[in-house]
Amino acid sequence: MRPVDQDTIEIRVEDRLSALDPAEWDACAFGEPVTPGFEDASGLKAETHNPFVSHAFLSSLEESGCVRAETGWLPQHLTIRREGRLVAAMPAYLKSHSQGEYVFDYGWADAFERAGGRYYPKLQISVPFTPVPGPRLLVRAGEDTERLKQALVAGATELCRRHDISSAHWTFLSAPDREVLSRLGMLQRTDQQFHWRNNGYGSFDDFLGALASRKRKAIRKERREAHEAGIEIERVTGSDLTEGHWDAFYAFYMDTGSRKWGRPYLNRRFFSLIGERMTDRILLVMAKREGDYIAGALNLVGDSALYGRNWGCIEDHPFLHFEVCYYQAIEFAIERGLSWVEAGAQGQHKLARGYVPVTTHSAHHIAHPGLRRAVADYLENERLYVEEEGRALAEHAPYRRGGPA
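An account of the accompanying structure is given in this report. The shown structure was predicted, so the numbers you read here are calculated from the model rather than taken from an experiment. (Residues numbered from 1 in each chain as written. Predicted model: local features only at pLDDT ≥ 70, side-chain atom pairs only at ≥ 80, totals over all residues. Heavy atoms only, no water.)

1. Some words on the side chain of S272
Where we set the bar: Under the scheme used here, helices are H or I runs from DSSP no shorter than 4 residues and strands are E runs no shorter than 2 residues, and both carry numbers assigned from the N terminus. Residues adjacent in sequence count toward polar contacts only when both atoms are side-chain atoms; beyond that, a polar contact is any pair of N or O atoms within 3.5 Å, and within protein one must be able to donate a hydrogen and the other to accept it.
Within the secondary structure, S272 sits in helix α9 (residues 268-277). At a separation of 2.7 Å, a polar atom in the side chain of S272 contacts the side chain of R268.

2. Observations regarding the packing of helix α2 (residues 55-63) against α9
Let me state the cut-off plainly: Between N-to-C directions, angles span 0 to 180 degrees; the directions come from axes that are lines fitted to C-alpha atoms, helices contributing only their stretch in contact. Roughly parallel refers to an angle under 35 degrees, roughly antiparallel to one over 145, roughly perpendicular to one between 65 and 115, and oblique to any angle outside these ranges. What makes a crossing left-handed is the near helix being turned counterclockwise from the far one by less than a right angle; a clockwise turn instead makes it right-handed. Contact criterion: two residues are considered in contact whenever any of their non-hydrogen atoms come within 4.5 Å of each other. Residues are grouped as follows: nonpolar covers Ala, Val, Leu, Ile, Met, Phe, Trp, Tyr, Cys and Pro; charged covers Asp, Glu, Lys and Arg; every other residue, Gly included, is treated as polar.
Close contact between α2 and α9 brings their axes to 9 Å; oriented N to C, the two are set at 150°. On the basis of their axis angle, the class for α2 and α9 is roughly antiparallel. Like other packed secondary-structure pairs, α2 and α9 cross with a definite hand, here right-handed. Together, A56, F57, S59, S60, L61 and E63 of α2 and R269, F270, L273, I274 and R277 of α9 make up the contact between the two elements. The class makeup of the residues in the contact of α2 with α9 is 6 nonpolar, 2 polar and 3 charged.

3. Side note on the pairing of strand β4 (residues 85-90)
Threshold: When a residue's accessible area, from a 1.4 Å probe over protein chains only, is under 20% of the maximum for its type it is buried; when over 50% it is exposed; and in between it is partly exposed. In short, DSSP must find at least two bridges between two strands for them to pair.
The element β4 is extensively covered by neighbouring structure, given that 5 of its 6 residues are classed as buried. Two strands pair when backbone bridges link them, and strand β3 (residues 77-82) and β4 are joined in this way by 5 bridges, in the antiparallel orientation. From the neighbouring strand, I80 faces β4, where its bridge partner is A88. In this structure, the hairpin formed by β3 and β4 is closed by a connection of 2 residues, where E83 is found at a positive phi of approximately 55°. Strand direction decides the pairing type here: β4 and strand β7 (residues 138-139), joined by 2 bridges, are antiparallel. Bridge pairing in β7 places A88 opposite V139.

4. Here's the deal with empty space enclosed by the protein
Quick reminder of the rule: Grid spacing is 1 Å over the protein atoms alone, the probe is 1.4 Å, and a cavity is where that probe fits but cannot get out, while a pocket is an open set with protein on both sides within 12 Å along at least five of seven lines and lining residues have an atom within 4 Å of a point. Grid points are joined across faces, edges and corners, and a volume is the space filled by probe spheres set on the points.
The full count for this structure, using the stated rule, is 3 cavities of 30 Å³ or more. Reported here for the largest cavity is a volume of approximately 60 Å³. Around the largest cavity, the lining residues are Y102, F172, D191, Q192, Q193, A345, Q346 and T360. With 3 residues, the top contributor of residues to the lining of the largest cavity is strand β9 (residues 187-197). Among the residues making up the lining of the largest cavity, the classes are represented as 3 nonpolar, 4 polar and 1 charged. A volume near 50 Å³ is recorded for the second largest cavity. Every residue along the wall of the second largest cavity is listed here: V103, F172, R189, T190, D191, T360, H361 and S362. Elements supplying a minimum of two residues to the lining of the second largest cavity: β9 and β15 (356-366). A class-by-class count of the residues in the lining of the second largest cavity yields 2 nonpolar, 4 polar and 2 charged.

5. What about the nonpolar core?
Heads up, the condition is: Buried Ala, Val, Leu, Ile, Met, Phe, Trp, Tyr and Cys residues that are joined via side-chain atoms within 4.5 Å together make up what is termed a nonpolar core.
Within the largest apolar cluster, 86 residues are counted, with the highest numbers of intra-cluster contacts made by F57, W196, F207 and F271. Leave out the neighbours within four places in its chain, and F271 touches W246, F249, Y250, Y253, L266 and L298. Residues I80, A92, L148 and W170 belong to the second largest nonpolar core, which totals 26 residues.

6. A few points about the side chain of S166
Mapped onto the elements of the fold, S166 is located in the loop between α4 (145-162) and β8 (167-171). In this structure the side chain of S166 is engaged in a polar contact, spanning 2.5 Å, whose partner is the backbone oxygen of Y119.

7. Some points on unusual backbone geometry
Cis peptide bonds are those with omega within 30 degrees of zero, and the linkage from Y120 to P121 qualifies with 5°. Tracing the chain through its elements places P121 in the loop between α3 (106-114) and β6 (122-125). Of note, the phi angle at D164 is positive, near 55°, even though the residue is not glycine. You can see D164 is positioned in the loop between α4 and β8. Taking relative accessible area as the criterion, D164 reaches 55% and is therefore assigned exposed. Backbone geometry places F172, a non-glycine residue, at a positive phi of 55°. With respect to the secondary-structure elements, F172 resides in the loop between β8 and α5 (175-183). By relative accessible area, which is 5% here, F172 ends up buried.

What follows is the structure, given as structure tokens:
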């Protein structure tokens with residue numbers, strides 16, 4: 001591996017991903033295989049292509065206008081070059097609020113500002129609007145990974161110091177990045193999601209066979225009832241995706257999103273852009289009744305995992321959400337030989353559908369000593385709570401004794 005030589009590397013802040021070569025960015029984004037977050041990941045394939053850190057996905061957010069200064073997400077990507085060649089990168093944004101992050105720090109901001117401090121702007125190292133664990137410190141394969149990651153972190157903290165930025169937040173971290181940030185003294189935070197694990201199932205019925213009898217019967221009943229009223233399910237991916245599909249899905253997304261959180265984050269152009277640039281990495285699961293689409297779910301496809309993202313509907317039908325978002329995702333993952341399914345943030349109802357609790361991680365640099373001490377005390381208590389809740393939930397997993405709970 002080539003060592004980091006401070007005389008030959010150049011650290012820059014880039015305010016437009018479109019100014020960077022997509023192949024160079026992706027060589028860094030996919031440089032390190034990432035293992036799934038299960039406590040025991042044996043038998044599962046590491047992820048080698050997390051689509052959310054790809055140039056195609058991140059640049060689509062920017063070029064569609066979803067991510068820009070006016071929406072409170074000013075791109076400030078850190079890059080490291082050696083002899084003009086991109087060897088490391090970090091997707092980063094200067095934030096004027098805490099929306100669209102899914103790791104909530106509103107209480108920290110409120111307490112600091114009531115004490116006379118200025119919490120915003122802050123530096124957010126994440127994928128906007130996307131609570132999917134993955135790499136944040138991106139290093140090209142064959143380079144000195146540890147030292148380049150340390151250089152990225154040092155670049156972020158120096159950016160905070162120079163511009164009087166209160167804090168830096170690395171959210172939904174991969175295990176390797178979390179370990180680097182922990183060694184560098186960043187505050188550690190945990191939370192919980194529910195992921196499905198493929199234990200080598202040959203079919204959906206094989207998966208059902210691993211469940212307790214009562215849960216198995218409940219899922220079969222839910223799937224049966226979801227298809228009542230003449231509802232048909234279609235999976236659309238690759239060259240079959242059309243603007244008509246995106247029109248229908250966007251209507252679902254806007255209807256459901258507007259009711260759930262007031263203002264959806266993504267606009268119509270964003271979906272067209274990822275449809276053009278990531279065709280083979282997209283799976284739309286669409287529900288149709290009497291010839292018209294009535295609901296749908298957007299998934300992105302990695303090399304080893306399926307990532308459920310957005311859901312929406314314009315008609316309510318019993319269990320249709322579970323069928324479109326969870327059961328179809330499991331079937332697709334089994335058919336494709338994918339190792340796990342991530343179905344988004346929160347949702348204890350996923351437990352009964354075969355998804356088990358997985359701990360997610362973030363790391364935080366707090367510049368003000370007093371705020372740092374207060375946050376550190378809070379996080380210590382929060383970690384104990386998350387750990388205890390995870391153990392309690394795992395005991396209620398639907399699998400037969402000896403299953404993947």
